[in-house]
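One letter stands for each residue in the lines below.
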Amino acid sequence: MTRPLQVDSFLPADYLAEALRADVVRGLTASPKELPPKWFYDERGSVLFEEITRLPEYYPTRAEREILRARATEVAARTGAATLVELGSGSAEKTRLLLTALTGPGRGGRPATLRRYLPVDVSESALLESGTALVQEYPGLVVRPVLADFTHQLGVLPDLLPPDGPRLTAFLGGTIGNLEPAPRAEFLAELRAATDPGDWLLLGTDLVKDPAVLVPAYDDAAGVTAEFNRNVLRVINRELRADFDVDAFEHVARWDTAQEWIEMRLRSTRAQQVTIADLDLSVTFGAGEEMRTEVSAKFRTGSGPSWPPPDSPSNNGGPTRPPGSLSPSPARSEPGAARSEPEGRAVRPTGRAVPARRAARSRPRAPLGQMPVGARRRSRSGSPAARPVGCGTRNSAERAPLVGEDAGMPTLSQRLVDRGEPAVRAQLAHPTVQGIARGDLDPGVFRVWLEQDYLFLLDYVRVFTRLAWQAPDQHLGELVDLAYVTWHDELSLHRGMAAEFGADLVGAVKGPECTAYTEFLLTAAEEYGRGLAALLPCMWGYSMLGRLLAEREPSEPRYARWVAAYADPDFALLGLRCAEMLDDAYRSGLVDEASATAAFDEALKHEMAFWDVRVDG
Ligand SMILES: C[S@@+](CC[C@H](N)C(=O)[O-])C[C@H]1O[C@@H](n2cnc3c(N)ncnc32)[C@H](O)[C@@H]1O
């Protein structure tokens, strides 16, 4: 039997009328004009947003889903949350990964901890639709949708929550990036005030990346984002009896380099006057005049949305739970948990948040040599995985300080990457790589490379499974995942290219370079930490090489596609996980630096030699 779904509404009856009125008067009489993004989300806007999340260009949802898929079990184990509150929950589609992990039996038969889920949103239709489905999907779970504005109504939450266990507040989808710095700080201060010691925050944000990736995500070819953007005009027309000619406004998405955010705007295609009858207001738009409707701020590792500092008036002196990742209250930290805190802020056992000195070392501009460790892997969705921060995972720059290492020092994986950069750059001088860059490489040479790389990748899958066999529990799933995506995604990429180049993947036999490299990797993988170090030159090196080649814009379309595939910054995520696993292994004493460095160096040599692949010895 379906349980009735009750929505707790904290929006005043006249909320739409009053808050929308206030925003419209303020925004349309300002110069330049602007409207806040929360008004996109009526029923139609919520549906359009869901469509956006499925667009090929919109990487953030897929990336966050990948991270949650990989980390939800860990999040469940670490938080033991009794309540999950989700701010701006929307369809709660990705949230199911958390709900399943928190309601299923845990590792070692640990009982499920989650009792209730409180999605918080301004869209009643989204709450009703997702809530109704979740009630059926999770029969034992109390689902209590809350219709509220998270920018100023977080204070209602504590009263809704029985003090029967830790609360995990999730704020996903990069929605925090829609808040400009000042309101963002206010929001975080309110969130802190509404949070108890021992609660947790799971924050999903997107990172600064190449505008060539960012802009299309907000300006898709199918025009769905444009429709979503214009939807705010429809909302105003309907709710405030306005007469916007929706078709007379064009969608604009622009990367603001200084602010490091995407701006969505609506550009008036002609001079026009708009009347908002309910406000008794007329506004004029000049031809080409732009009105800002959303910002989507992107962050840098170690510089994520900042939690109010300890001496901020909003800090009541209680324990601090920094955003930017899964952040425990010290009250529930395990001994030594300060070491395993994500970077950006480290939480000391005293509970005081202190800026981590390592943040200064967090690759602020991600130059090529210091870019996050790249991966040659595609995400399981077949789409590249992005590099969001937070979401319960620590990315490379958020790794905890290493044992015995000053907090200002780079991690082992970063030291290796720094060390290997010249060798990757040296590959650019190889005739095969130059041919790819110029676009005039003999297709016969590339065909041989493709066949050999295919055979290489078959063993690459074996390397992952060999490492998975030895992996600590928390990394087992990631290694299985890496094996899976190599098998399903990267090998299919090769199969697709094989057809274009007439390569014979089935009949090919390994040449000496391929044999030497795979034998080395398979042997290295007999020792867990050494094996991870041996994988890095391939995972990170191809990402870096791809980016270097992309700068030269190869003219031959087949090579350009190949380069684009490896240059895609979103390839980096799975490689980041590999780097993180290596750092964890080092931290746990599973590998020493000398042995990791030797394996890394040898793999780098094989990488260069692989450009000489032959079939006949
Ligand atoms: C970018 S979508 C993200 C949805 C979902 N969390 C995800 O990750 O796909 C933003 C969501 O936040 C909601 N939202 C926006 N502003 C809000 C506000 N001020 N208060 C509550 N919800 C808000 C919208 O209705 C929408 O569902």
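Each value, and the rule that gives it
- Residues numbered from 1 in each chain as written.
- Predicted model: local features only at pLDDT ≥ 70, side-chain atom pairs only at ≥ 80, totals over all residues.
- Heavy atoms only, no water.
- Helix = DSSP H or I, 4+ residues; strand = E, 2+ residues; numbered from the N terminus.
- Buried < 20%, exposed > 50% of the residue type's maximum accessible area, 1.4 Å probe, protein only.
- Contact = heavy atoms within 4.5 Å.
- Areas by Shrake-Rupley, 256 points an atom, 1.4 Å probe, with all protein chains shown as cover.
- Pairing = 2+ DSSP bridges.
- Expected span 1.5 Å × (residues − 1).
- Bend = angle between axes of the 7 residues up to and from the residue.
- Near = heavy atom within 4 Å.
- Polar contact = N/O pair within 3.5 Å; in protein donor to acceptor, adjacent residues only side chain to side chain.
- Nonpolar A, V, L, I, M, F, W, Y, C, P; charged D, E, K, R; others polar.
- Domains from an automatic or database assignment.
- Axes fitted to C-alpha atoms, helices over the stretch in contact; angles between N-to-C directions.
- Parallel < 35°, antiparallel > 145°, perpendicular 65-115°, else oblique.
- Core = buried A, V, L, I, M, F, W, Y, C linked by side-chain atoms within 4.5 Å.
- Phe/Tyr/Trp six-rings, centres within 6.5 Å; stacked < 30°, edge-to-face > 60°.
- Right-handed = clockwise from strand over helix to strand, strands pointing away.

Caption draft 1: Just the overall build of the protein, in detail. Summing up its helical and strand segments, the protein has 18 helices and 15 strands in all. Buried residues in the protein amount to 59% of all 617 residues. The long-range fraction of contacts in the protein, counting pairs at least 24 apart against all pairs at least 6 apart in sequence, stands at 79%. Summing over all exposed atoms, the protein offers an accessible surface of approximately 23500 Å²; the carbon and sulfur share of this is 54%.

Caption draft 2: Representation of the pairing of strand β10 (residues 272-276) within the structure. Of the two faces of β10, only one is covered, namely that formed by Gln272, Val274 and Ile276; the face formed by Gln273 and Thr275 stays uncovered. Sheet analysis places β10 next to strand β11 (residues 281-285), joined by five bridges and oriented antiparallel. Considered in β11, the bridge of Gln272 is made with Phe285. As consecutive antiparallel partners, β10 and β11 are separated by four residues, and within that stretch Asp280 has a phi angle of approximately 55 degrees, a positive value.

Caption draft 3: Representation of helix α10 (residues 412-427). Look at α10: 23 Å from first C-alpha to last across 16 residues, which is about the 22 Å you get at 1.5 Å a residue. Where α10 bends most, at Gly420, the angle is about 40 degrees, and the proline Pro422 comes one to four residues later. All of the buried residues along α10 are Leu412, Ser413, Gln414, Arg415, Leu416, Val417, Gly420, Glu421, Val424 and Gln427.

Caption draft 4: The site of the ligand, seen in detail. Around the ligand sit 19 residues, and of these Gly88, Lys94, Asp121, Asp149 and Phe150 come closest. Here an oxygen atom of the ligand sits 3.5 Å away from a polar atom, N or O, in the main chain of Gly90. Burial of the ligand by the surrounding chains reaches 94%, relative to a free accessible area of 590 Å². Looking at the shell around the ligand, its residues break down into six nonpolar, seven polar and six charged. Each of domain 1 (15-51 + 211-297) and domain 2 (53-209 + 298-347) accounts for three or more of the residues forming the shell around the ligand.

Caption draft 5: The sheet that holds strand β12 (residues 290-297), seen in detail. Reading across from one edge, β8-β9-β12 is the order of the three strands in this open sheet, with antiparallel pairing throughout. Because the sheet does not close on itself, it has two edges, and the strands there are β8 (249-256) and β12. Averaged over all pairs of adjacent strands, the angle between strand axes in this sheet comes to 20 degrees, irrespective of strand direction.

Caption draft 6: Local environment of the packing of helix α12 (residues 443-470) against helix α14 (residues 512-524). In contact at an axis separation of 9 Å, α12 and α14 are set at 5 degrees when each is read in the N-to-C sense. One element, α12, and the other, α14, form an angle in the roughly parallel class. Together, Gln452, Leu455, Phe456, Asp459, Tyr460, Arg462, Val463 and Arg466 of α12 and Cys514, Tyr517, Thr518, Leu521, Leu522 and Thr523 of α14 make up the contact between the two elements. Split into classes, the residues belonging to the contact of α12 with α14 amount to eight nonpolar, three polar and three charged.

Caption draft 7: How the structure looks around the nonpolar core. Phe446, Leu479 and Trp562 are the most contacted members of the largest nonpolar core, which has 73 residues in total. Take this core: its biggest share by element is 14 residues, from helix α15 (residues 528-551). Not counting residues up to four positions away in its chain, the partners in contact with Phe446 are Ile436, Leu441, Met497, Phe501, Tyr559 and Trp562. Listed in part, the 46 residues of the second largest apolar core include Phe40, Tyr59, Leu127 and Val283.

Caption draft 8: How the structure looks around the packing of α14 against α15. Where α14 contacts α15, the axes come no closer than 7 Å and their chain directions differ by 145 degrees. Contacts between α14 and α15 involve Tyr517, Phe520, Leu521 and Ala524 on the former and, on the latter, Arg530, Gly531, Ala534, Leu535 and Cys538. Residues of the contact of α14 with α15, tallied by class, amount to seven nonpolar, one polar and one charged.

Caption draft 9: Quick look at helix α3 (residues 59-79). At Arg71, α3 shows its strongest bend, of approximately 55 degrees. Counting buried residues along α3, 16 of its 21 residues qualify, which places the element largely inside the surrounding structure. Phi turns positive, to about 55 degrees, at Gly80, one or two residues after α3.

Caption draft 10: Just the packing of aromatic side chains, in detail. Going through the model one piece at a time under the given rule, you end up with 30 aromatic pairs. Between Tyr15 and Trp39, the aromatic rings sit 5.8 Å apart at their centres with planes inclined by 35 degrees, giving tilted as the arrangement. Taken together, the residues Tyr15 in helix α1 (residues 15-29) and Trp39 in the loop between α1 and α2 (43-53) connect sequence positions 24 residues apart. Each member of the pair, Tyr15 as well as Trp39, carries the same accessibility label: buried. Where Phe171 meets Phe187, the ring centres are 5.1 Å apart and the plane angle is 45 degrees; that geometry is what we call tilted.

Caption draft 11: Quick look at the pairing of strand β6 (residues 167-171). Counting buried positions over the five residues of β6 gives five, a clear majority of the element. Residues Arg167, Thr169 and Phe171 point to one face of β6 and Leu168 and Ala170 to the other, with burial holding for every one of them. The pairing of strand β2 (residues 83-87) with β6 spans five bridges and is classified as parallel. Each residue of the ladder has a partner; that of Glu86, found in β6, is Ala170. In terms of handedness, the path from β6 via helix α7 (residues 181-193) over to strand β7 (residues 200-205) forms a crossover that is right-handed.

Caption draft 12: Examining unusual backbone geometry more closely. With an omega dihedral of -5 degrees, the bond running from Ser31 to Pro32 counts as a cis peptide bond. With respect to the element layout, Pro32 can be found in the loop between α1 and α2. Its identity as a non-glycine residue notwithstanding, Ala92 has a phi of 55 degrees, on the positive side. Mapped onto the fold, Ala92 is located in the loop between β2 and α4 (95-103). For Ala92, a relative accessible area of 2% gives the class buried. For Glu260, which is not a glycine, the phi torsion comes out positive at approximately 55 degrees. As for its placement among the helices and strands, Glu260 is situated in the loop between β8 and β9 (261-268). Since its relative accessible area comes to 13%, Glu260 is described here as buried.

Caption draft 13: Structural view of the environment of Gly531. With respect to the element layout, Gly531 can be found in helix α15. With 68 residues separating them along the chain, Gly531 and Ala599 place their C-alpha atoms 7.5 Å apart. Residues within four places of Gly531 in sequence aside, it is in contact with Leu467, Ala524 and Ala525.

Caption draft 14: How the structure looks around the environment of Asp206. Within the secondary structure, Asp206 is located in the loop between β7 and α8 (211-217). Asp206 sits in the buried class, given a relative accessible area of 6%. Counting along the chain gives 30 residues from Asp206 to Ile176, while the straight-line C-alpha distance between them is 9.5 Å.

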